[in-house]
Amino acid sequence: MSALIGELEIDRIIEVQVDHLADWNLAIGGPASTRAGPASVHPAWQLVPYLDGRALSGVTPLAVDLGQGRLQFHLRITQQNRDTWTHLLSPLTFQRAVRFSVGLEQVDPFATDLTLTSRRALLTVINWRWLLAAVLIVAVFSMAFCALAMHTTLLMERCKLLDETLSHRFSLAKVQLALWFFVIFGAFLVIWLATGNFDTLNSSILSTLSISAGTALGDTFVKAAGPSTATSAPQATQTDIFLAPRWTARRFMRELVSDDEGCSIARFQMLAWTVALVIVFLADVFDDLQMPVFGPELLYLLGLSTGTYVAHRLPEMQRDRQRSGAAATALSKPVSSTRTPP
């Protein structure tokens, strides 16, 4: 095999120049193979591409020209070659040199000039044009999210301080939900760019996102069952509600792992398991170019840690209720006065 016309990339059509293709076809198929007919009597129609010695099963020629010695292939992902493509495309890069040839399946491919040494065959893993478009999309969403998170209460919850004044603090449940959203969203785009496959979500990923959403929802219900902040405190303005106070990275980490009584082990272990699973998730996507499948034990562990966090919010709301009741009693208690005798 002496020439390759086109780009080695998923969903591209390429042409391959094979020397003495007609002679090989005649020798393998016999006299009947010189006539157009079914693949059983025309071996050239059974040829498949080989990349790094791996056959792309199911990718048979679109066209065969025995006179010119040319074959035309549509490089696509099928059920038979999905694992082969995953191996060829990972780990992530823009292009890599491969050894390209053609041949019959389960038979040694033809001798080729397209070797790793010659670097005449470059496999495009991620098209830089599509990658640039995806990066712009993610960057726009990320910058908009960061701007909202820094200047509004997008990731915060209203709370009451010990002196009964209203304030805002970062919500661990909201931060976890936002983190999983961006991780899964970015992984979805990367896998689609590399493989062209958009049906990548699985049940464990949906369960992970559901656990995070359920944690944020449960946290909201717990706060709704707590004391009212409108009757025992000054009325908040629209600016107080929507604009977040100034914050630093130190305050961000402190409020994620602490409650009104100090650092909380429930918050710390929920944050630690979330970060650990995100690292495992990203490493698996980078190496295998597919969404990882978390086993039931890991999902149960994630659900247990988030459930423990929500359960620890109940006594926190009870303490707020007690403080609100004490403050209301103090305000309603009449002030005694003493009269000076004449």
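What you are looking at is a predicted structure, and each value in this text was computed from that prediction instead of being measured.

Visitor: An account of the sheet that holds strand β6 (residues 70–74) is needed here, citing residue identities and associated values.
Guide: Spatially, four strands are ordered β1-β2-β6-β5 in an open sheet, and the strand pairing comes out antiparallel. The open sheet has two free edges, formed respectively by β1 (3–5) and β5 (63–65), since each of these has just one partner strand. Adjacent strand axes in the sheet meet at a mean angle of 20° when their direction is disregarded.

Visitor: Give a description of unusual backbone geometry that names residues and reports values.
Guide: A positive phi angle, close to 70°, is found at Asp 11, a residue other than glycine. Topologically, Asp 11 is positioned in the loop between β1 and β2 (13–17). The exposure class of Asp 11 is exposed, given its relative accessible area of 54%. In the Ramachandran plot, Gln 106 falls in the positive-phi region, its phi being about 60° despite a non-glycine side chain. Among the secondary structure elements, Gln 106 is positioned in the loop between β8 (100–103) and β9 (122–124).

Visitor: Hey, could you go over the packing of aromatic side chains for me, with residue numbers and the actual values?
Guide: Using the criterion set out here, one finds nine aromatic pairs in the structure. By the ring-pair criterion, three or more aromatic residues cluster together here, those being Phe 141, Phe 145, Phe 181, Phe 182 and Phe 185.

Visitor: An account of the nonpolar core is needed here, citing residue identities and associated values.
Guide: Core analysis: the biggest nonpolar cluster contains 33 residues, and Leu 8, Val 16, Phe 100 and Val 102 have the highest contact counts within it. Every element with two or more residues in this core is listed here: β2, α1 (21–29), β6, α2 (82–89), β8 and α4 (172–195). In this structure Val 102 touches Met 1, Val 16, Val 18, Val 48, Pro 49, Tyr 50, Leu 71, Phe 73, Pro 109 and Phe 110, once residues within four positions along its chain are discounted. Leu 155, Met 156, Val 175 and Val 310 belong to the second-largest nonpolar core, a separate cluster that totals 16 residues.

Visitor: Outline the pattern of salt bridges, listing residues and values.
Guide: One pass over the structure, following the stated rule, counts four salt bridges. For the salt bridge of Glu 9 with Arg 12, the shortest nitrogen-to-oxygen distance reads 3.5 Å. Among the residues examined, Arg 12 registers a relative accessible area of 31% and is labelled partly exposed. Residues participating in the shared-partner salt-bridge network are Glu 7, Glu 9 and Arg 12.

Visitor: Break down the confidence of the model for the protein chain for me, with residues and values.
Guide: Close reading of the predicted structure is inappropriate where its pLDDT is low. In this model, the protein chain carries a mean pLDDT of 80, and residues with pLDDT of at least 70 account for 79%. Mean pLDDT values for the elements of the protein chain range from 49 in helix α6 (residues 238–242) up to 94 in β6. Confidence drops under a pLDDT of 50 for residues 228–241, and excluding neighbours within four residues, the segment shows 18 contacts in the predicted structure. Note on residues 335–340: pLDDT is under 50 here. Beyond four places in sequence and across chains, it has zero contacts.

Reading the values: rules and limits
- Residues numbered from 1 in each chain as written.
- Predicted model: local features only at pLDDT ≥ 70, side-chain atom pairs only at ≥ 80, totals over all residues.
- Heavy atoms only, no water.
- Pairing = 2+ DSSP bridges.
- Helix = DSSP H or I, 4+ residues; strand = E, 2+ residues; numbered from the N terminus.
- Axes fitted to C-alpha atoms, helices over the stretch in contact; angles between N-to-C directions.
- Buried < 20%, exposed > 50% of the residue type's maximum accessible area, 1.4 Å probe, protein only.
- Phe/Tyr/Trp six-rings, centres within 6.5 Å; stacked < 30°, edge-to-face > 60°.
- Core = buried A, V, L, I, M, F, W, Y, C linked by side-chain atoms within 4.5 Å.
- Contact = heavy atoms within 4.5 Å.
- Salt bridge = Lys/Arg side-chain N within 4 Å of Asp/Glu carboxyl O.
- pLDDT = per-residue confidence, 0-100.

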